[in-house]
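Spelled out from the first residue to the last, the chains are:
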Amino acid sequence: MEKRIQMTISDLQSFSKCWAVASMAVLITGCANLEPLTETPSAQAAVEAPALTVAPVSPAKPKPTKHKIEVSTEPPADIWVRIRQGFAMPDLETDLVKDREEWYAARPDYMLRMTERSRKYMFHIVEELERRNMPTELALLPFIESAFNPEAVSSAKAAGMWQFMPATGKYFDLKQNMFRDERRGVIESTRAALDYLQKLHGMFGDWHLALAAYNWGEGSVSRAIAKNKAAGLGQTYTDLNMPNETRYYVPKLQAVKNIISQPENFNARLPLIQNHPYFKSVSITRDIDVKLAANFAGISLDDFKALNPSMSRPVILAAGTPEILLPWDNADKFLRRLEEHANKPLASWTAWSVPKTMKIAEASQLVNMTVSELRSVNPIPNGMQIKQGSTLLVTRQGALDNDVTEHLADNAQISFTPEVMLRRIKVTVLKGDTLVSLANRHDVSPSSIAAWNKLKVPAVLKPGQSIAILVPTTASSSGSKVLAKKSNINSGVKQASRQTPKRVATHKTKPQPKGQASSDVKVSVQSSAKTK
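So, a few notes on the structure that sits alongside this text. All residue numbers refer to position in the chain's written sequence, counted from 1. With pLDDT at 70 or above as the cut-off, local features in this predicted model cover only qualifying residues; side-chain atom pairs require 80 or more to be listed or tallied, and sums for whole chains, interfaces and linings still use all residues. Side-chain numbers come from the whole structure's heavy atoms, not from hydrogens or water.

### Quick word on the overall build of the chain
Defined as follows: Only DSSP runs of H or I reaching four residues or more are called helices, and only runs of E reaching two or more are called strands; each is numbered from the N terminus. Contact criterion: two residues are considered in contact whenever any of their non-hydrogen atoms come within 4.5 Å of each other. Using a 1.4 Å probe, accessible areas were evaluated by the Shrake-Rupley method; residue-level cover was limited to the displayed protein chains.
Tallying secondary structure elements over the chain gives 21 helices and 11 strands in all. Considering only contacts in the chain between residues 6 or more positions apart, those separated by 24 or more positions represent 70%. Element-wise, carbon and sulfur atoms account for 53% of the exposed surface of the chain, whose accessible area totals about 30,800 Å².

Structure (structure tokens):
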């Protein structure tokens, strides 16, 4: 009996030891599946427990733990977060990227100005990119093109925040006339730029090459790829031989992308831009002065122009621009004020089609304006006449008190021809000269020469006689230029042939950089190799 009791006690002790060992093994195995602790002082103290030595056991293999990822159904409150979430281009990692990162990081004030300027336009651009399923990196491209200035114009006449050349703008249906330039318009130019980028991506199948083509021209990129292919070289963006501007183009965008991703690493401060529309589109049905529209909306003239930069005149033509952009919170105020003025005049300007070629002085009399007033709203150079069919902006009064028609609003252009004047010169009669021969020589009539010199017709001219002739000239800022054939002849053909010809200044054309087109080159605000 005593022996059986001892065995039972021994069995119990052995069982207790096994139970303790097994429990400790399970505890340690469970801890191995936990996430690492953050190295805070309190966490560090928690892990500084003495190590335990446990006899090896073979417990059942635990099932892997699935960590639940919380995905917010709410849209991000900050537009920068939304942009980061849409990044989809492969990163470019080159020395040029680091170079541009350092350049931007050294200019935090410049970065802040650019990002602050983008506040008015960024939400719309991101919306359009997401609607087209395009990478949101492209929302940063206006930083590179124009520093987000919709009124930027390059030396090669590229315009707007997306920097379109005139011809490319027309190809993508951006209207350009004397009343508006849609290359500067927020909605119009964004639509055209994304159309163009999608087209280029379809051509090259690579966003880096598409961006190079946006900057350099699709033909230039295609030729560079073909050249590398023939030479057995690589055909990616970094492999191509291209102008410096294009070589730096994607690295600039990548640098800005990196700064937007982690601004704290680059001494950059991004302004808070809420993730909601900044502006609202409002319809108009009557011509209205720009100043009055801004007043109705309760905003400054500068703020109004920042949202409507395509308008280049002091009046908005409803037939050509049926919608304007206003800050979201000011749109309703504008509509209320517009309704209050339903029966009152809104515009003090209208358009007038010039019936014939005329001097500005004659035109000013016909529209009852002074020459200075007419010049203040119309770009009329000195010494030029306004050609028939041109459109001038004039004050609304009398018969000129109507809204501008759609045809005129969409097709208005202004063109000029040199203003012709008469210049008095003296010629010396040679042996055999007559009124007819002098008239033919100077492109005037014999009767005019007779009248200018008070001669009877027919008149007999004597060699050595001095005759006055009035020849047509053009007025210019640098003096008058004689238009008449041979009008620079002073004493007839024989004497003129003895004169030493004047030396004509020649202008050498600066050679284009290697690989760069000559006729379709576009220079951006910060660059010199654009072909858009």
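Additional details are given in the paragraphs that follow.
### Re the environment of Asn-368
Using the following cut-off: When accessible area is computed with a 1.4 Å probe and restricted to protein chains, residues below 20% of their type maximum are described as buried, those above 50% as exposed, and intermediate ones as partly exposed. Polar contacts, as counted here, are pairs of nitrogen or oxygen atoms within 3.5 Å of one another; within protein the pair requires one atom able to donate a hydrogen and one able to accept it, and residues that are adjacent in sequence qualify only if both atoms are side-chain atoms.
Relative to the helices and strands, Asn-368 is located in the loop between α16 (360–366) and α17 (371–377). Residue classification places Asn-368 among the exposed positions, given a relative accessible area of 58%. Separated by 26 residues in the primary sequence, Asn-368 and Val-394 have C-alpha atoms spaced 8.9 Å apart. In this structure the side chain of Asn-368 is engaged in a polar contact, spanning 3.1 Å, whose partner is the side chain of Gln-397.

### Quick notes on the environment of Arg-107
On the secondary structure map, Arg-107 appears in the loop between α4 (95–105) and α5 (108–117). Using a relative accessible area of 34% as the deciding quantity, one classes Arg-107 as partly exposed. Once the C-alpha coordinates of Arg-107 and Phe-266 are considered, the two residues, 159 residues apart in sequence, prove to be 9.8 Å apart. A polar contact is formed between the side chain of Arg-107 and the backbone oxygen of Trp-103, at a distance of 2.9 Å.

### Regarding the side chain of Gln-254
Among the secondary structure elements, Gln-254 is positioned in helix α12 (residues 244–261). Assessed through its relative accessible area of 5%, Gln-254 is described here as buried. If we skip the residues at most four places from it in the chain, Gln-254 touches Pro-90, Asp-91, Leu-92 and Val-97.

### A look at α12
Side chains of residues three or four places apart in an α-helix project in the same direction, reflecting 3.6 residues per turn. Our working definition: Every helix has an expected span of 1.5 Å times one less than the residues it contains.
With 18 residues, α12 should cover 26 Å at 1.5 Å per step; its first-to-last C-alpha distance of 26 Å lies within 8% of that length. Among the 18 residues in α12, 14 count as buried, and that is most of the element.

### Brief notes about the nonpolar core
Our working rule: Residues belong to a common nonpolar core when they are buried Ala, Val, Leu, Ile, Met, Phe, Trp, Tyr or Cys residues joined through side-chain atoms within 4.5 Å.
Counting residues in each nonpolar core, the largest one holds 68 residues, and the members touching the most others are Met-122 and Tyr-214. Listed in part, the 26 residues of the second largest apolar core include Val-315, Trp-349, Val-354 and Ile-380.

### Observations regarding the pattern of salt bridges
Selection criterion: What counts as a salt bridge is simple: a side-chain nitrogen of Lys or Arg found within 4 Å of a carboxyl oxygen of Asp or Glu.
Scanning the model with the defined rule gives 19 salt bridges in all. A salt bridge links Lys-257 to Asp-91, with the nearest nitrogen and oxygen atoms 2.7 Å apart. With a gap of 166 residues between them, Lys-257 in helix α12 and Asp-91 in the loop between α3 (79–85) and α4 connect regions that are remote in the sequence. The exposure class assigned to Asp-91 is partly exposed, which follows from its relative accessible area of 49%. Notably, a salt bridge pairs Asp-410 with Arg-180, separated by 2.9 Å at the nearest N-O pair. Of this pair, Asp-410 sits in helix α18 (residues 406–411) while Arg-180 is found in the loop between α8 (166–171) and α9 (186–204), placing the two residues 230 residues apart along the sequence. Residue classification places Arg-180 among the buried residues on the basis of a relative accessible area of 5%. A cluster of three or more residues bridged by salt bridges with shared partners is formed by Arg-82, Glu-127 and Glu-130.

### Some words on the packing of α4 against α5
The line we're drawing: Axis lines are fitted through C-alpha atoms, for helices just across the contact stretch, and the angle between N-to-C directions can take any value from 0 to 180 degrees. Here the angle decides the label: under 35 degrees means roughly parallel, over 145 means roughly antiparallel, 65 to 115 means roughly perpendicular, and every other value means oblique.
Contact pair α4 / α5: the axes reach a minimum separation of 6 Å and the direction vectors enclose 85 degrees. When the axis of α4 is compared with that of α5, the two are roughly perpendicular. On α5, the residues touching Trp-103, Tyr-104 and Ala-105 of α4 are Pro-108, Tyr-110, Met-111 and Met-114.

### Re unusual backbone geometry
Omega for the peptide link from Val-457 to Pro-458 comes to -5 degrees, which places this bond in the cis form. Its place among the elements puts Pro-458 in the loop between α20 (446–452) and β10 (466–474). Although it is not a glycine, Lys-157 sits at a positive phi angle of roughly 75 degrees. Mapped onto the elements, Lys-157 comes out in the loop between α7 (141–145) and α8. Not every positive phi belongs to a glycine, and Gln-163 is a case in point at roughly 55 degrees. Structurally, Gln-163 can be placed in the loop between α7 and α8. Given a relative accessible area of 0%, Gln-163 falls into the buried group.

### Describing the packing of aromatic side chains
How we decide: Between rings of Phe, Tyr and Trp, where Trp is taken as its six-membered ring, a pair exists when centres lie within 6.5 Å; planes separated by under 30 degrees are stacked, by over 60 edge-to-face, and by other angles tilted. Only Lys NZ and Arg CZ are tested; either one counts as a charge over a ring when it is within 6 Å of the ring centre and within 35 degrees of the ring normal.
For the structure on display, the rule yields nine aromatic pairs. Ring geometry for Phe-164 and Phe-172: centres 6.3 Å apart, planes at 55 degrees, overall tilted. Each member of the pair, Phe-164 together with Phe-172, is buried. Aromatic side chains Phe-296 and Phe-334 sit 6.3 Å apart centroid to centroid with 55 degrees between the ring planes, which places their arrangement in the tilted category. Of this pair, Phe-296 sits in helix α13 (residues 290–297) while Phe-334 sits in helix α15 (residues 331–340), placing them 38 residues apart in sequence. For the pair shown, Phe-296 and Phe-334 are each scored as buried. Put simply, the rings of Phe-164, Tyr-171, Phe-172, Tyr-196 and Tyr-214 pair up and form one aromatic cluster. The positively charged end of Lys-280 is found above the aromatic ring belonging to Trp-328, 5.3 Å away from the centroid.

### A look at the side chain of Arg-183
Tracing the sequence through the fold places Arg-183 in the loop between α8 and α9. Arg-183 sits in the buried class, given a relative accessible area of 8%. At 2.8 Å, the side chain of Arg-183 forms a polar contact with the backbone oxygen of Lys-157. For Arg-183, the side chain forms a polar contact with the side chain of Gln-176, separated by 3.4 Å. Leave out the neighbours within four places in its chain, and Arg-183 touches Lys-157, Ala-158, Ala-159, Gly-160, Phe-164, Met-165, Pro-166, Gly-169, Leu-174, Gln-176 and Ser-189.

### Things to note about the environment of Leu-129
When you line up the elements, Leu-129 lands in helix α6 (residues 122–131). Taking the relative accessible area as the measure of exposure, Leu-129 reaches 0% and is therefore buried. As a C-alpha pair, Leu-129 and Gly-86 span 43 residues in sequence and 9.2 Å in three-dimensional space. With residues near it in sequence (within four places) discarded, Leu-129 still touches Met-134, Pro-135, Thr-136, Leu-138, Ala-139 and Leu-194.

### Focus: the pairing of strand β4 (residues 323–327)
Every other side chain in a regular strand lies on the same face of the sheet, so the side chains alternate between the two faces. To keep it simple, the criterion reads: Two strands pair under a simple rule: DSSP has to find at least two bridges between them.
Of all five residues in β4, four are buried; the element is thus mostly enclosed. Two strands pair when backbone bridges link them, and strand β1 (residues 279–283) and β4 are joined in this way by five bridges, in the antiparallel orientation. Of the residues in β4, the one forming a bridge with Phe-279 is Pro-327.

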